[in-house]
There are 2 protein chains.
Amino acid sequence: MSAQSQRPEPPYYAVIFSSRRSGTDEEYAAMSERMVALAAQQPGFLGVESARDANGFGITVSYWRTAEEITAWRAHAEHTDAREQGRASWYSQYDVRIAKVERAYSWERAEKTSR
Amino acid sequence: MSAQSQRPEPPYYAVIFSSRRSGTDEEYAAMSERMVALAAQQPGFLGVESARDANGFGITVSYWRTAEEITAWRAHAEHTDAREQGRASWYSQYDVRIAKVERAYSWERAEKTSR
């Protein structure tokens, strides 16, 4: 979430996706980028942030206006295909949590005037 | 969240902490470990998961039984000191979001019988 417009006032929704990769795969990065680009086109998408450590454990949090829009994105045909490929090829384990963001605050080093 | 006991049925709470490190610091790892150990001793703590990528962007999600227990942990003296040191020394920017987990599901590769 790098733009001010992507830090709306709560309430809004978060999808917390934590996963363990089973190995490395060149296709994974391309698919991951494609899913972010596709998600960004969906109604209600507010932003996404993602980190994966050197051991293959990663957390991606996407933010959405409503729970209904998350459900619609989950049912998107291309997303469904990607999920099946993820299970077949890339992940050894994952957790998904749908959560309603009730409070949010940010801190930024003062000498930085923009990011 | 590596134990079954740490995947309770919703509703429960998540603290989504996403941060950008301003540099490397040996003290950071020690402080981070200390905060996880201390959090785990607090009432209502359910688990924590964390990933930081090679560029210094990280996401830590801790899980709690109630919002009140999150507030209590936030006010813990040692946690407050760590937060001040984090602002002074380690972070260039961070976001905190308090969210109520409404739905959760897991997937695990079938050939693995335990983790």
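Residues numbered from 1 in each chain as written. Chains lettered and ligands numbered in written order. Predicted model: local features only at pLDDT ≥ 70, side-chain atom pairs only at ≥ 80, totals over all residues.

Chemist: Lay out the sheet that holds strand β4 (residues 91-108) of chain A with the relevant residues and their values.
Modeler: Judged by pairing direction, the sheet is antiparallel, and its eight strands sit side by side in the order β2(A)-β3(A)-β1(A)-β4(A)-β4(B)-β1(B)-β3(B)-β2(B) without closing on themselves. Both edges of this open sheet fall to β2 (45-52) of chain A together with β2 (45-52) of chain B, since each of them pairs with a single strand only. Pairwise comparison of adjacent strand axes, ignoring direction, gives a mean angle of 25° for this sheet. (Pairing = 2+ DSSP bridges. Helix = DSSP H or I, 4+ residues; strand = E, 2+ residues; numbered from the N terminus. Axes fitted to C-alpha atoms, helices over the stretch in contact; angles between N-to-C directions.)

Chemist: Talk me through the relation of the copies chain B and chain A; I want residue IDs and the actual numbers.
Modeler: You can overlay chain B on chain A at an RMSD of 0.0 Å; the transform is a turn of 180° with a shift of 0.0 Å along its axis. Seen this way, the second copy is the image of the first under a two-fold rotation axis. Interface residue correspondence from chain B to chain A reaches 100%, placing this contact among same-surface, isologous pairings. (Least-squares fit on C-alpha atoms with pLDDT ≥ 70 in both. Contact = placed C-beta atoms within 7 Å.)

Chemist: Describe the environment of Arg109 of chain B, and please don't skip the residues or the numbers.
Modeler: In this fold, Arg109 of chain B is placed in the segment after β4 (91-108). With 80 residues separating them in the primary sequence, Arg109 of chain B and Ala29 of chain B have C-alpha atoms 31 Å apart. Ignoring sequence-local partners within four residues, the contact set of Arg109 of chain B consists of Ser22, Ser92 and Gln93 of chain A.

Chemist: Please provide a residue-by-residue account of the interface of chain B and chain A, values included.
Modeler: Facing the 34 residues of chain B at the interface are 34 residues of chain A. Going through the elements one at a time, β1 (12-21), β2, β3 (57-64) and β4 of chain B are the ones with two or more residues in the side of chain B that touches chain A. Among the elements that line the side of chain B that touches chain A, the one with the most residues is β4 of chain B, at 17 residues. Among the residues making up the side of chain B that touches chain A, the classes are represented as 15 nonpolar, six polar and 13 charged. The pairing of β4 of chain A with β4 of chain B spans 15 bridges and is antiparallel. By the bridge assignment for β4 of chain B, Val96 of chain A is matched with Tyr105 of chain B. (Nonpolar A, V, L, I, M, F, W, Y, C, P; charged D, E, K, R; others polar.)

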